Structure formats: structure tokens, C-alpha cells
Protein chains: 2
Amino acid sequence: MLPRGRPRALGAAALLLLLLLLGFLLFGGDLGCERRKRGGRAGAPGCFPGLLMPRVPPDGRLRRAAALDGDPGAGPGDHNRSDCGPPPPRPSKCELLHVAIVCAGHNSSRDVITLVKSMLFYRKNPLHLHLVTDAVARNILEMLFHTWMVPAVRVSFYNADELKSQVSWIPNKHYSGLYGLMKLVLPSALPAELAHVIVLDTDVTFASDISELWALFAHFSDTQAIGLVENQSDWYLGNLWKNHRPWPALGRGFNTGVILLRLDRLRQAGWEQMWRLTARRELLTLPATSLADQDIFNAVIKEHPGLVQPLPCVWNVQLSDHTLAERCYSAASDLKVIHWNSPKKLQVKNKHVEFFRNFYLTFLEYDGNLLRRELFGCPSQPPPGAEQLQQALAQLDEEDPCFEFRQQQLTVHRVHVTFLPHEPPPPRPHDVTLVAQLSMDRLQMLEALCRHWPGPMSLALYLTDAEAQQFLRFIEASPVLAARQDVAYHVVYREGPLYPVNQLRNVALAQALTPYVFLSDIDFLPAYSLYDYLRASIEQLGLGSQRKAALVVPAFETLHYRFSFPHSKVELLALLDVGALYTFRYHEWPRGHAPTDYARWREAQAPYRVQWAADYEPYVVVPRDCPRYDPRFVGFGWNKVAHIVELDAQEYELLVLPEAFTIHLPHAPSLDISRFRSSPTYRDCLQALKDEFHQDLSRHHGAAALKYLPALQQPQSPARDG
Amino acid sequence: MLPRGRPRALGAAALLLLLLLLGFLLFGGDLGCERRKRGGRAGAPGCFPGLLMPRVPPDGRLRRAAALDGDPGAGPGDHNRSDCGPPPPRPSKCELLHVAIVCAGHNSSRDVITLVKSMLFYRKNPLHLHLVTDAVARNILEMLFHTWMVPAVRVSFYNADELKSQVSWIPNKHYSGLYGLMKLVLPSALPAELAHVIVLDTDVTFASDISELWALFAHFSDTQAIGLVENQSDWYLGNLWKNHRPWPALGRGFNTGVILLRLDRLRQAGWEQMWRLTARRELLTLPATSLADQDIFNAVIKEHPGLVQPLPCVWNVQLSDHTLAERCYSAASDLKVIHWNSPKKLQVKNKHVEFFRNFYLTFLEYDGNLLRRELFGCPSQPPPGAEQLQQALAQLDEEDPCFEFRQQQLTVHRVHVTFLPHEPPPPRPHDVTLVAQLSMDRLQMLEALCRHWPGPMSLALYLTDAEAQQFLRFIEASPVLAARQDVAYHVVYREGPLYPVNQLRNVALAQALTPYVFLSDIDFLPAYSLYDYLRASIEQLGLGSQRKAALVVPAFETLHYRFSFPHSKVELLALLDVGALYTFRYHEWPRGHAPTDYARWREAQAPYRVQWAADYEPYVVVPRDCPRYDPRFVGFGWNKVAHIVELDAQEYELLVLPEAFTIHLPHAPSLDISRFRSSPTYRDCLQALKDEFHQDLSRHHGAAALKYLPALQQPQSPARDG
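Owing to the predicted nature of the structure, the values given are computational and were not obtained by experimental measurement.

### As for the sheet that holds strand β5 (residues 204-206) of chain B
Residue and element names in this part refer to chain B.
Here comes step 1: Strand order across the open sheet formed by 3 strands is β5-β10-β9, with mixed pairing between neighbours. The open sheet has two edge strands, β5 and β9 (317-318), and neither has a second partner.
Here comes step 2: Taken together, the 3 bridges between β5 and strand β10 (residues 337-339) define a ladder with antiparallel strand orientation. In the sheet register, Val204 faces β10, and the bridge partner there is His339.
Here comes step 3: The sheet contacts of helix α11 (residues 353-364) involve β5, β9 and β10, and relative to β5 the element is tilted by about 80°.

Here's what the structure looks like:
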């Protein structure tokens, strides 16, 4: 605590202090800088210009910010810039900050999201993200940011593949590959009017407000163009092992995980030529870059030291193997940006790694929905669609018993498509993707499903951010699942009390890449032969091109949770005869599948056509461009039935396949159903939603929709699963 | 951004600025204060002494900090102290900060934890929490902090019930009840050597580092003793409705959700007498306090305005109904502490309530384990047991195939006992508590369990912080569960990859309050009559007092997940005969229950004794002080078997009850079992753990333990559930 003297005395003390500071500012500062310059310490091409600002640290001491080696005899706190350095000027309250990130592939896309979450958590300014991406990352991140709807965040994409040719001539051994070099071309790739940008690696985590980093641009001299933190290892000193020949660098060199770029000055200085010349020259004697862009940045800086502004080391605390980062900070509170620049990532060894890991996990598992909070006080363009959504939500009547349903239906869920590495299936004209959705409590179905369905799958998972990480570990721990690159997992982030079953189905359906889809549910296991059989049937029946049809896969169920799966229709019929299997929902809701006509199916040798009837909800194979599911049905009830009504209204033929079958495994009832069973409101609401569904049906199909009216007015059985 | 001029020019500008500030400091400041004092604005008993500090805002303007009404014509940013006020001096880096909170009951205990999480998230200093609690809150919070093991946090408890008599004479209408008044007696209740403390209501959330708040103590004049934020409503103006007669206050008065208390000065000033005199006098004309301690604080301050130091309003942004808080902040970044002081809590209406709610949810759902991160840089006493734990963990061999098991066994899980309101059962000599453990995927068992077991239950739930909130909503939505006050739910927070089944059982067992416990599993439903029958049997058999026995409840299972539960032993035997029921694990592991001797049970009219045999794992009723479960068995396998071995080694008689039964319901296999099935390491490890278990057994029981050796060397069946 500060001393608490008498006010007058304090005023006098303050005056004295000010005069002291004043004296120091006029004389002491420049001297300090000279001393350092003459000291010629490695990696200190310029003086830290904190002394040129009106504020001065309370202890009157000034230090160079970026170097790891302190003055001899200085205490540990001496390296701690954030503790005793002058507070940097902050950008004006609502200034737009620009951030550029290069990102390619599925895994880096996940990393970027964690980085962005940490940045958004602390930010107080509007942000413009400039993402240089390959096609995979763009597909993921475009959808993610579109559905995330974070206020005061703008995102622009740049095609990394178009930039490849500019760096592909450089031999590079770094694990980040070709994309690791792409930061070099940002001055030409980013818009010409963009003058300042912060460039970040995908493996950094913010522990502070990015505007403090942005404020360091103000420390640049007239000629400096690149702000960098010193490299926190001895790599560039070239003494790590015998015959270690690193690229040239000033002393320890600089790390390029966090860069402040004055794009305007680099363009003026002829950056394009500059780095290419340097790289070409060095590559005459060196075989390849080891640390990608960083080697080239350092070589250029060695040649043009006036370009660089060293940044305080806390802005890029590097957890590489054998890191010297500990010399940089003395307390947890010093850390600003943490950089996981070891190939070991979270498994890196370090005195404080538990701290760093907990910090990283905070954002990895943080509910991204909570970052949708408005940056009020800074007027900004709302995200696309946000205003309409706000209006629609505002128009809902809180007294309406269906309020929760309608609110859930309007909820825009964050969607992270292809959460894990995924190989799209090769284009084949009759290929079929199995489409389903699930939440955490059905994960244990995945292995069996993979064994039963050797073809492509598109699965939507309804998870929290923390569950998504559990899911990741679950997949990694399973050799069966880890081996399958043709299963695409799309994470839809949880929000709201009701399970948005049809929204999930639509996400999985939209991401299917084959011409046909098998619309299944996660608790069904298809016949082992079904994938091959469906492709053959599609070809034989000329589905799609000649015929507009939905192929029905008859559904069965077992009530035993240990059960030997039939290998053929003959075996299945035998199990049916001894009561080990039933037709699906035989006991409590036979109407759902009665039109499939199981008696006929027993004998059938060829596909046969059946007629739609009320409450019919078969599992079907349809072309990918089939009608979407109606998202108004959330939680439980009528979600598949409505889809089959829509198919019938659009005149899809319903053709039952004689050799196809799928079997439902028992499971504990889901929480949504327990709720349905106990709540009359839930059921009344479902009726209201059905009425509205029929009104829409009539609007689209006219008098033809009359056919469905009686079916929509039947009471709903309380015992049916979604 | 700041202008980037030439260094020399900037130096000169800085000098000019300093001189200007200097002049202002000497003359302008006091004048400004005078002006304000004479203005006599409501609620401004003192001048904000920012001007007495050496640092001065860059724009040279000084303002009173706490009032809601700005200068006429001032822009919205003018109310924003954090934006343009002088940065307060920070406490020295490792200074210990003291925080006092009054907390009573189950619900407030949950609130306190969310408050503490937000505080810990931003804090950079060691903290000492002074918790004034009733017995319920103490029981919860003592265990919670003990198991949380947060570095650099000390917790002291004070008995609220002993303080009650000092405030119970005050008639009070506020919803916080008697405990709402207890802040008044803190100066005498807290240790005499404690001079400064921050006092917080349980319904505040931090959005900033508490050390910034602590630093405001330095602004106190020599006589000020209470730092408070102005009340952000017109309540004390007395014009809210006709005949509204609030307690006396200076202008809008002050809110006591956040208080900076100079305990030393209050004690010196005779606070004890002071507030009592004022309260007694006001109560001559006023019937009761409406806002608890706040009314009395305000009445005292009205009489002794020199005591109060007004604090910047952002340190207590009050979301009461009809709040005026919006006048306080202009941007999200201004907020420091948010105060949910409406009885509507999160449902309160407010322009920015979405923002506030998201902010609150951040900490509500935040994984508290992540706050265990070390405050490195500040040397502090490690939490009790932390050093031994670190040593034990450090001694583990990462190459040991059982590394994960041993690590999981050593994990100290945060435990929140009686997460929901709970009425302990009245003391009855033969009462039995059902003890079980579960995770999220078994929640839907709870309603049925409540219907089958009308007696007390003690259930351990293995959840994440976010899941604990889902669980809360699940209970609230169920009339069956919400009605049961005799079911105690203990949340054990998830950490690590393996399910700590025996640690969970031990938590539930330790919290059982009746003399006997029924050690069950969550997927079993007991006979409807079991609770009554067990109590009668315990009495008849003289269990505990005369006999050391474990009463065996025979276990059955159904493989159908729709099933009509038998109402009597006769009905059960009939179902068994038609194959609708089986004895438990009849198909895959009959050894687990064979010693129960089901054939004898069919005919039995009286309890009969059975002998222990290898792999026996019956469900038993035992005295509460029975041996604990062995926590080395985590994940799956041998967890109950080891417990029965221990009971037998301690010479418990095994008595089968002729009318008792419990039935296992089917469920999908848990993830832990899937993993066991696919992993030979898992099974090898289990054998290693069994060997070590036997070594310990031999140590305790000597040669008598030899009896169990063959049983421990049998291969484990892969298909058994935990």
C-alpha cells in the first residue's frame, strides 16, 4: 500500500517526485540509451523509446525491453517489463485493430479458434481479422465466424493457395511447412490501404488485452517497420550442437510468432525485393530454412537492423524446448502472450508448464457463445443477420407456452464443420454418405457404427466447447475411429434447453459430399452389407437421374443390450421369429413404420413401392439435394415425420429395399424425452408447431397439402423417441 | 494511435505537459474540490481525493468519482472513471489482500463460489478470505476450499451463529434476512490485528483485478474509514412511490455490496456504539430496515459524513430493478465489479443484461480446477497437503503402464457437498441412507430411484462445473426431485481420464448422516418396500450394537429396458421363472453374486449367513463407520470386490435378507468399459493394482490375508461393469 500521510504533505511529495522525474527525463534518459548502444549487446539494434513518452516509470529506471540478459546484478524483477516499464499509450477507445493469421488444415483451424477466444476474452476494441487460409481452413472458419456472430469482429479471407507460388521455391524443413513461410508475403497480399497489422502464429494464447500490444506501434521510430520479441533460445547463437549452422541473425535473433508490421513502410522500403534477395543469397550456402519465415526475417534484419523495433519479451513468451523464457518474466502477472512453439505443444517440459497449460485450457474449453457479448460503447456494424435475429427474438411473446421452442428454433448455433482431419471421398456417381447426429451420451456408438458402415459418414455432434475436447481425446484413443478419414465430424455448439435435432440433421446433411445420403439415427446399426447394397441399388434403380425416389431401409429393434447382430436377412428373420428382434417400435408405436409393410418385406425379392400414411417415419436414402428438415421441431417429436411428409408432398416415390435393414439398439431414455413425458405444455406446443407446419405446407403445395391435415391433428403418442 | 512525431519534439511536449500538470496540482485541484463542495450535490459528502496523488489524468480534468449525475453538458465518457481518471496506485506485487464475505445456506454457498472464481481469475495477489458462515455454509465451503487447493489463498471461518444475537434485535424486511445485517459487526468479529478488509456481498462478480480495488484504500483521508459506491437507484431519495419512507441517507445513499473497511479506524471511532445508537434512534420512528445493513450504514454516514470515502461507481455496478447504473459506465470495458442486487438476479431487465449474464455465466461454468494455477513470483505457503501431493506425483514413473491409474488415484478432486438445499434426516437409531455415485449420463435414473427409495440418500455426482449447472436445472425442472429435501447431492468435479469410482463412493459414504448405509449403484432400483424392510431388519437383528454384520440385498437384472417392476418377492420369483428377470450378471459373471445363494434365497424365511468367496461383490447394508472403498481402483474393475474383501477381513458377518431385492436396469456401456475392453494395458494394470492391494491387506491383517491371495491372482473377466 502507499503511505497514507496528510494531504498537504502528499502534494509536496508529489511535486518533489515530479521534479525528479523531470530531471531524469531531460538528462538521464538519453544517457541510459547511449550506454546501452555502446554496450553493443546482441539483439539490441535500437533503444527502447519508452523515455520519449510523457509517462515515466515510478522508479525512474529505464531499460531496454527485449533482451533476455539483464544488467549484471539486477534482480529477477528487472526483466519484467510490464511491472516497472512505462505504461504504453493505449489506442483510442474504439479504434479498429487489425490482426493477420495464416492458417491451413483442420488442426490449425482448431488452434486458431482457441487463439481467437483468448483474444476476444480480453479485447476491448473492434477487431478485423485477416485470415490467409487454404480451402479446408476457409471452409471451416467461414462457417464458424458466420455462425458465431461476435459483435465488432470483421473477418476477411485471403487465398493461401494463390500465394503459394511466391514462397514454394524456398526449401524449408520447419514442421509448419509451406504455410509457415507465408507471413513473408503479407505486405503484398493484404489490402494496399492497410498500414498496420499484428501478425500471429496459430499457437499463441493471449493473457491480456491486444490493444496494449497494438499500442506499441506508437513506439516505432520513423523508419522502423517490424516489431518483434527476441528469440528466447540460443538457436541463432549457433552453439547448440557441433556443426549447427543457423541462419544469420542479430544475436539471439527474433521470434516471429508475434509481429507488429508497418505494412505501409515495408511496401515503401521494397520489402518484396528485400527478403527475396536475402533469402536467395543465404540459400547459396544454406540448404534450407529450419524455422521457416523466421530465418528469413532474421537474415533481413541482420542486414537492415533499422527496420526492427524490439518488443517487450512478455508479448511472446516462448515455450519452445530449452526455452530461456523464464528470464523474461518473474511472476504470473507479467505474462501477455504465450507462444506454444514447441512441436511437443502442451507436453513441453517447463518449470511453470502447469500454469501455462491451465491458462491454455481455459480458452480451449471456454464456451465461445459467451464471447458474443456486445462491445457496447463502441458503435460497430452488427454481424450479418444479427439485426433480423434480434428483431425476431424481440417479437416472441414470453407468455406464449411455446416461447422456449420458438426461441430454440431461432438460436443460431456456432458450427465447426470437419472438426477433425477429414479426406473427402473420391467422386463416385452412386456413393452414399450416412448422415446422423448425436450428443456426448452416444459417443460409444461410433466404433460399432464404423464397423457396420465402411463408407463415408457425416455426423453432427451437439457439444459444449469442453465436450468437444473430450470428444477429440475419445477419437484419438480409439484405433478404429482414428483410422477413419472418411468420417466427417461437425461440432454444433450447445445453446438453449432443447435438443435442436433437425438443425443438427441439416448441418450433417449439408456437409455430405456424395450424391446420395442415408438419413439414419445414431442408435441404429446398419446391416454390414448395407453400404455396398445401397450403392448397387441406386445404380440399378437409376435413382436421381431417372427416378425421384426415397429408398426405404426397414428398421428393427432389439430390446436386449447384449445381442448378436445378424449377418443376413435370413438370420434377421430367424431372430425375429424367436422374439430376439422386433420391427422398430413394434410395442409402442407401430404406426411409425407400418407402411413399410414388414410382411411383404419378408417375401420380397425386388424393391416395392409403398404409399405414405400418417406418422410414417422410415429411414431413407435420398439424393443429397433432398428437402431439409424443418428446424421448428426441437427437443422431441415429429421431427422425422415432418420430413417424410415433405418428401411425399414433393412427390418422391417411396421404394422399400428387399435386402436392406437397420437395427436399433436399446439405450436409456434421453433427458428430452423424460421431459416430454412429464409436461403437458410440451405436448400442447408440439400440436401448435404441427399446425404451423401445416399452414406452411399449404402455402407451398396448395390443395395437395389437405391430404396431410388429418395426420397433423392426431394426438402425439407420448412414448416415441425423437 | 498516438501521434508519432520526432523524439526530440515529443520530449519537449512531455516537458510542457508536466509543467502544466504541476501547476494544476498546486492550484487547480483544491479549487475544483471547493467548487464541488459548495455545489452541495446530493450524495457527495467528500471530495474524491484523486488530486492528492502524484499521478494526474492526462486531460488534466478532475472529477468526483462516485456520483451518478455528471456535469451538465459532459459527454457519456465523463462518468467513466476507469477511462480517464488517474490510474490508482497498485498494491505492492505480493501484498496479501483480505476479503470478508458473509454466507449462509446452500444457495449462497454456490453464489460465493462463483464470486470467488471471478476474483481468482483476475487476481495477481495472495488472498486471505474471511468467511462468516452458518454451519451449513461452513460444512460446504471448508471442504470445498480444502479440496480446491488453490495456491496463495488462505481461508478463515467465523461462526455467524455466534454473532446472531448482536443483530437479531433489529427488525429487517430484506430478503437476505438476519445474515444481511452481519456486516455491521465485522469490526469486532474479525481479528483485532486486521486493519483493512474488502467486504463483498455473495452476489457480486469481478470483471477486473481485485488489487485495483484494494489500491483505493490509499485514497482514504486520515479520518475516512468506509469506502462505498453511491447507490444506483433513487430509493433513498424517498420519491419512488407515495408514502415511501426510506432510512436517512446522504442523497442517493451508498450501496453496501462492495465495502472497503478500515477496521482499525472503525474500532477506534467506537463503531460498535455508533451504529447501535443510530439504529435504535431510527427504529423509534421506522418499523424495520428494508435493505438490511445498508440502511444502517447509510444512517450512520448521514450523521458522520467524514467516515465515508466515495468509490468510483464501476466498482459496484448495481443491476437492481430500475437501476441507474447505465449512467455509471459508457462501455463494456469500464466495468469492474457487477452486483446482481435484484431479487430477480439473472432475470433482471436491463439494456445490457445479455452482456452481464454472459459475463456471469463465464465464471459460473468455469472449470475451477484451472484456477489452481500457481501465483508464481509471489512466495506463499502452499495449501495443506499440496507439497506431499506434488512429491507423490513427482515420484510417479511416466513410463509405468499404470501411470495414468496412479495419477488418477492421487488426484484431489474438488468436492462441493450438499450442492442443493438439503434437510438432514431426524436422528433415528435404525435409519438407512442409500449411497451411490453417478455422472451426467445417469441423471435420468434419479426420478425412478426417488420413487423406489423414500428414505434419505447421499449421492456423489462426477461433473464438470458446467454440468453442475445443467444438473441444477434438471432438478429444478423435476417436481419429483425438487420435492425431496432428504436427498443430498455432492458434486465431485471431474479431473483426469479415469472415473474415480471409489473416491466418489467414499465422498457419498462420508456424507451419509444415518447410522446405517445401503451401498448401492445408480443403475439399480430397490424393491419399493426395501427402505422400511431394512430398518425393521436392522432393529430385529440388533445390527451394530450386538452384531458386526453386513446385510446382503440380493441383486437381479432385467435385460429389457421396458419392464414392469415386481411389487413383492412372489412377483419377482414369477418374473425370474419366465426369464423376464435374471440373477445379476447371470450370463457373464455369475461368480460376482453366487455366494448369495439364490436357490436358498427363494425359500428363505429368515436371514441366513453366507461365506465370502472370490469375486463376491454383493450390495450390502452396513453401519456408517464401515471401511472405506480403496481409491486405487479407478475407471473399471475390482472396486466393489476389494471392499467386500476388506469387510470380510474385518470379520463382518455376511447375512442375506430373505425379503430384500434390488434390480439392475440395462444401459448402454459406459465409456470407461469400452476402453477396458479394447486395452490390454488396462487389464495388466488392474492386476498390478490388485497385487498392491494384497500387499496392503497383508500388512494390516497378517497371515489372515493369505485367504484372499488366490482370488487376487485370477484373471479379471473383461465384461464386468464397475
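### Section: the nonpolar core
Among soluble globular proteins, nonpolar side chains are generally buried collectively.
Here comes step 1: The biggest cluster of nonpolar side chains holds 358 residues, and the ones touching the most others in it are Leu446 of chain A together with Leu446 of chain B.
Here comes step 2: Among residues more than four places away in sequence, those in contact with Leu446 of chain B are Leu438, Leu459, Phe471, Phe474, Ile475, Leu481, Tyr489 and Ile522 of chain B.

### Points about unusual backbone geometry
Residue and element names in this part refer to chain B.
Here comes step 1: Backbone geometry at Ala292 places phi at a positive 55°, although glycine is not the residue there.
Here comes step 2: Phi at Asp597 takes a positive value of approximately 60°, unusual for a residue other than glycine.
Here comes step 3: Its location among the elements puts Asp597 in the loop between β19 (582-583) and α20 (598-603).
Here comes step 4: Of the residues examined, Asp597 reaches a relative accessible area of 31% and is grouped as partly exposed.

### Observations regarding the domain arrangement of chain A
All names here are of chain A.
Here comes step 1: Per the domain assignment, the segments of chain A are domain 1 (97-370) and domain 2 (415-703).
Here comes step 2: Inter-centroid distance (C-alpha atoms) of domain 1 to domain 2 is 44 Å.
Here comes step 3: Between domain 1 and domain 2, the contact holds 16 residues from the first and 16 residues from the second.
Here comes step 4: With both sides pooled, the region where domain 1 packs onto domain 2 buries about 1,400 Å², and carbon together with sulfur makes up 53% of that total.
Here comes step 5: The largest contributions to the domain 1 side of the interface with domain 2 come from His106, Arg110 and Asn369, which together make up 38% of the buried area.
Here comes step 6: Our count for the contact surface shared by domain 1 and domain 2 stands at 1 salt bridge.
Here comes step 7: Linking Lys117 and Asp465 is a salt bridge whose minimum nitrogen-to-oxygen distance equals 2.8 Å.

### Description of the pairing of strand β3 (residues 153-159) of chain B
All names here are of chain B.
Here comes step 1: Inspection of the sheet shows strand β2 (residues 127-133) paired to β3 by 7 bridges, in the parallel sense. Its bridge partner lying in β3, Leu127 is registered against Val153.
Here comes step 2: For the segment spanning β2, helix α4 (residues 135-148) and β3, crossover handedness is right-handed.

### Concerning the state of the cysteines
Here comes step 1: Inspection of every chain in the model, using the stated rule, returns 6 disulfides over all chains.
Here comes step 2: Disulfide partner of Cys94 of chain A: Cys378 of chain A, at an S-S distance of 2.2 Å. The disulfide joining Cys94 of chain A to Cys378 of chain A has a torsion of about -90° about its S-S bond and is therefore left-handed. Of this pair, Cys94 of chain A sits in the loop between α2 (81-84) and β1 (97-103) while Cys378 of chain A is found in the loop between α11 (353-364) and α12 (386-395), placing the two residues 284 residues apart along the sequence.
Here comes step 3: Exposure remark for Cys94 of chain A: the relative accessible area of 30% places this residue in the partly exposed category.
Here comes step 4: Its relative accessible area of 7% is what places Cys378 of chain A among the buried residues.
Here comes step 5: Disulfide pairing places Cys402 of chain B opposite Cys685 of chain B at an S-S distance of 2.1 Å. Here Cys402 of chain B, found in the loop between α12 (386-395) and α13 (403-410), pairs with Cys685 of chain B, found in helix α23 (residues 680-701); they are 283 residues apart in sequence, far enough to count as distant.
Here comes step 6: Assessed through its relative accessible area of 4%, Cys402 of chain B is described here as buried.

### Topic: the packing of aromatic side chains
Here comes step 1: In this structure the tally under the stated criterion is 69 aromatic pairs over all chains.
Here comes step 2: Ring centres 5.8 Å apart and planes at 45° place the aromatic pair Phe633 of chain A and Trp638 of chain A in the tilted group. Each member of the pair Phe633 of chain A and Trp638 of chain A is classed as buried.
Here comes step 3: A cation over a ring is seen here: Arg280 of chain A above Trp169 of chain A, with NZ or CZ 4.7 Å from the ring centre.
Here comes step 4: One residue, Lys569 of chain B, lies across the ring of Trp601 of chain B, its end atom 4.2 Å from the ring centre.

### Some details on the pattern of salt bridges
Here comes step 1: For the structure on display, the rule yields 65 salt bridges over all chains.
Here comes step 2: Arg547 of chain A serves as the salt-bridge partner of Glu653 of chain A, at 2.8 Å between the closest nitrogen and oxygen. On the criterion of sequence distance, the pair formed by Glu653 of chain A in strand β22 (residues 653-656) and Arg547 of chain A in the loop between α18 (530-541) and β17 (549-553) is long-range, its members being 106 residues apart.
Here comes step 3: Residue Asp696 of chain B is joined to Arg699 of chain B by a salt bridge in which the shortest nitrogen-to-oxygen separation is 2.4 Å. On the criterion of helical spacing, the pair formed by Asp696 of chain B and Arg699 of chain B is a turn pair, its members being 3 residues apart in helix α23.
Here comes step 4: Taking the relative accessible area as the measure of exposure, Asp696 of chain B reaches 22% and is therefore partly exposed.
Here comes step 5: Among the charged side chains, a salt-bridge network with shared partners connects Lys117, Asp367, Arg414 and Asp465 of chain A.

### Topic: the sheet that holds strand β18 (residues 555-557) of chain B
Residue and element names in this part refer to chain B.
Here comes step 1: Taken in spatial order, the 4 strands make up an open sheet running β16-β23-β18-β19, and their pairing is mixed. Unpaired on one side and paired on the other, β16 (524-526) and β19 mark the two borders of the sheet.
Here comes step 2: Summarising the sheet, β16 and strand β23 (residues 662-664) pair through 3 bridges and their orientation is antiparallel. Within the sheet, the bridge partner assigned to Leu525 lies in β23 and is Ile663.

### Remarks on helix α21 (residues 639-649) of chain B
Here comes step 1: In terms of burial, α21 of chain B is a largely internal element, 11 of the 11 residues being buried.
Here comes step 2: Among the residues trailing α21 of chain B, Glu651 of chain B stands out with phi positive, at a value near 65°.

### Digging into the environment of Pro126 of chain A
Here comes step 1: Mapping Pro126 of chain A onto the fold places it in the loop between α3 (105-122) and β2 (127-133).
Here comes step 2: In this structure the C-alpha to C-alpha distance between Pro126 of chain A and Gln540 of chain A, which are 414 residues apart in sequence, comes to 57 Å.

### Observations regarding helix α21 (residues 639-649) of chain A
Here comes step 1: Taken residue by residue, α21 of chain A has Asn639, Lys640, Val641, Ala642, His643, Ile644, Val645, Glu646, Leu647, Asp648 and Ala649 of chain A as its buried positions.
Here comes step 2: Against the buried residues of α21 of chain A lie α17 (501-510), β15 (516-519), β17, β21 (619-623) and α23 (680-701) of chain A.

### Observations concerning the packing of helix α3 (residues 105-122) of chain B against α4 of chain B
Residues and elements named next belong to chain B.
Here comes step 1: It is at 9 Å that the axes of α3 and α4 come closest, and there the two elements cross at 35°. When the axes of α3 and α4 are compared, the crossing they make is right-handed. Residues Gly105, His106, Ser109, Val112, Ile113, Val116, Lys117 and Leu120 of α3 pack against Val136, Ala137, Ile140, Leu141, Leu144, Phe145 and Trp148 of α4.
Here comes step 2: Looking at side-chain class alone, the contact of α3 with α4 contains 11 nonpolar, 3 polar and 1 charged residues.

Rules used in this analysis
- Residues numbered from 1 in each chain as written.
- Chains lettered and ligands numbered in written order.
- Predicted model: local features only at pLDDT ≥ 70, side-chain atom pairs only at ≥ 80, totals over all residues.
- Heavy atoms only, no water.
- Pairing = 2+ DSSP bridges.
- Helix = DSSP H or I, 4+ residues; strand = E, 2+ residues; numbered from the N terminus.
- Contact = heavy atoms within 4.5 Å.
- Axes fitted to C-alpha atoms, helices over the stretch in contact; angles between N-to-C directions.
- Core = buried A, V, L, I, M, F, W, Y, C linked by side-chain atoms within 4.5 Å.
- Buried < 20%, exposed > 50% of the residue type's maximum accessible area, 1.4 Å probe, protein only.
- Domains from an automatic or database assignment.
- Buried area = accessible area lost by both parts, 1.4 Å probe.
- Salt bridge = Lys/Arg side-chain N within 4 Å of Asp/Glu carboxyl O.
- Right-handed = clockwise from strand over helix to strand, strands pointing away.
- Disulfide = S-S within 2.5 Å.
- Phe/Tyr/Trp six-rings, centres within 6.5 Å; stacked < 30°, edge-to-face > 60°.
- Lys NZ or Arg CZ within 6 Å of the ring centre and 35° of its normal.
- Left-handed = near helix turned anticlockwise from the far one by under 90°.
- Nonpolar A, V, L, I, M, F, W, Y, C, P; charged D, E, K, R; others polar.

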